[in-house]
Amino acid sequence: MKVLITREIPERIVEAAKARFDVTFRDEPCVGLTEEEAAVALRDYDAILLTLGDQFSARAFEMAGDIRCKVLANFGVGYNHIDAAAAAAAGVAVTNTPDVLTDATADIGMTLLLATARQAALGDRLVRGGGWKGWGPTQMMGTHVTGKTVGIIGMGRIGQAVAKRCHYGFDMPVIYYNRSAKDAGLPARQVESLATVMAQADFVVVTVPGGAETRHLIDAEALAAMKPEGIFINIARGDVVDEEALIAALAEKRIGAAGLDVYAQEPFVPEALRALDNAVLLPHLGSATLETREAMGQMALDNIIAHAEGRDLPQRVV
Ligand code: NAP
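Residues numbered from 1 in each chain as written. Predicted model: local features only at pLDDT ≥ 70, side-chain atom pairs only at ≥ 80, totals over all residues. Heavy atoms only, no water.

Our next topic: the overall build of the protein. Each helix and strand in the protein was counted, giving 12 helices and 12 strands. Against the compact-globule benchmark of 20 Å for 318 residues, the protein has a radius of gyration of 21 Å, which places it among compact chains. In terms of overall dimensions, the protein has C-alpha extents of about 65 × 45 × 35 Å along its principal axes. The buried share among the 318 residues of the protein stands at 49%. Intrachain contacts of the protein at a sequence separation of at least 6 include 62% that bridge at least 24 residues. (Helix = DSSP H or I, 4+ residues; strand = E, 2+ residues; numbered from the N terminus. Rg over C-alpha atoms; globule rule 2.2 N^0.38 Å. Buried < 20%, exposed > 50% of the residue type's maximum accessible area, 1.4 Å probe, protein only. Contact = heavy atoms within 4.5 Å.)

What follows deals with the nonpolar core. As a rule of thumb, soluble globular proteins bury nonpolar side chains together. Membership of the largest hydrophobic core comes to 51 residues, with the highest contact counts inside it found for L113, V150, I152, V162, F203, V205 and I235. If you tally residues by element for this core, the top one is helix α5 (residues 102–117), at 7 residues. Taken domain by domain, the makeup of this core includes at least three residues from each of domain 1 (2–99 + 289–308) and domain 2 (102–281). Once you skip the residues sitting within four places of it in the chain, I235 turns out to touch T105, I108, G109, L112, I158, V162, V205, V206, T207, D261 and V262. Ranked by size, the runner-up nonpolar core spans 31 residues in total, among them I153, M198, V208 and I218. (Core = buried A, V, L, I, M, F, W, Y, C linked by side-chain atoms within 4.5 Å. Domains from an automatic or database assignment.)

With that settled, the discussion passes to empty space enclosed by the protein. As enumerated under the stated definition, the model contains 1 cavity of 30 Å³ or more in all. Taken as a whole, the largest cavity holds about 40 Å³ of empty space. Residue lining of the largest cavity: N234, G238, V241, E243, L246, L260 and V262, and that is the complete set. Of the residues in the lining of the largest cavity, the class split is 4 nonpolar, 2 polar and 1 charged. (1 Å grid on protein atoms, 1.4 Å probe; cavity = no way out; pocket = protein on both sides within 12 Å on 5 of 7 lines; lining within 4 Å. Points joined across faces, edges and corners; volume = space filled by probe spheres on them. Nonpolar A, V, L, I, M, F, W, Y, C, P; charged D, E, K, R; others polar.)

Its volume calculated, the second largest pocket comes out at about 260 Å³. Around the second largest pocket sit 18 residues that line it, and T116, Q119, G256, A257 and N278 are the ones nearest its centre. Take the lining of the second largest pocket: its biggest share by element is 3 residues, from helix α6 (residues 120–128). Per-class residue counts for the lining of the second largest pocket are 8 nonpolar, 6 polar and 4 charged.

Here you go:
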């Protein structure tokens, strides 16, 4: 089987893939396939191990014409860069990597929650810039975390892992907004409307999938419902939030702060957002630990192996 791996992945997975398949490695750490390149890949390979930023849009499937590829094994749980309907129509299975990245991503959520509350990034810049004049009782006072209410938007695997950390680690009451009821195995109150979670939570953490259904779920109106000192965290996908509305709310101090791991048009981050001291900005680090990235790579590869052996694909989503 001819397999394409679209990005640099951990060495252990490179070796495992080479041992098994005729593999082409794209020598590229960060930049994804364009629609044109995705179309060519669909035509030329039996399976593709791809990831965020590879543009497997409806147009890519259209341009591909005669498609050889039978499986798109996505390195990541979110697969909104693949047009699921177009893949299904073309008879291309799609798999993802749930669970193995849940803890690492929840940890990044907590990193952002604590860093925004306690102004960690600003403090780091103060020290590095040589501007720190010494300890003072009113210097850089942040927001207390313990006992504050966290509101989870999307109480799935990652949402529940954030809730667990907030409940057990920081005694935080947990409220959440989700279409179906979820049992997170801890005290958590489901709230009927998004606006109510936005209004009642001291910290809002967004963990819904991206894509057309959730695009701009967090809009100007949702942000306007937040407490003036409320802190907004997004570890899901950039397009879930109306980025311009968020920038305006932060710039006009209508909310306290934001901690972001994801952006509407990655890797572009608007200058207006980068200029704000009440925003902590990470470069999409959610699953970025070696252990997690190896587990993701192995899971993606295992799905391609299952296909090669004629078995059901364990993490099939399309
Ligand atoms: P998951 O288990 O499927 O959880 C998603 C949750 O969102 C589900 O509980 C779902 O429940 C809820 N949901 C979906 N649409 C909704 C809507 N319109 N309104 C309210 N709730 C909605 O997925 P996961 O593993 O936790 O991952 C979540 C997302 O995190 C991924 O899709 C990915 O985009 C993102 N992610 C980011 C990083 C990063 O590096 N920052 C890393 C991993 C994942 P219902 O359908 O019942 O409502």
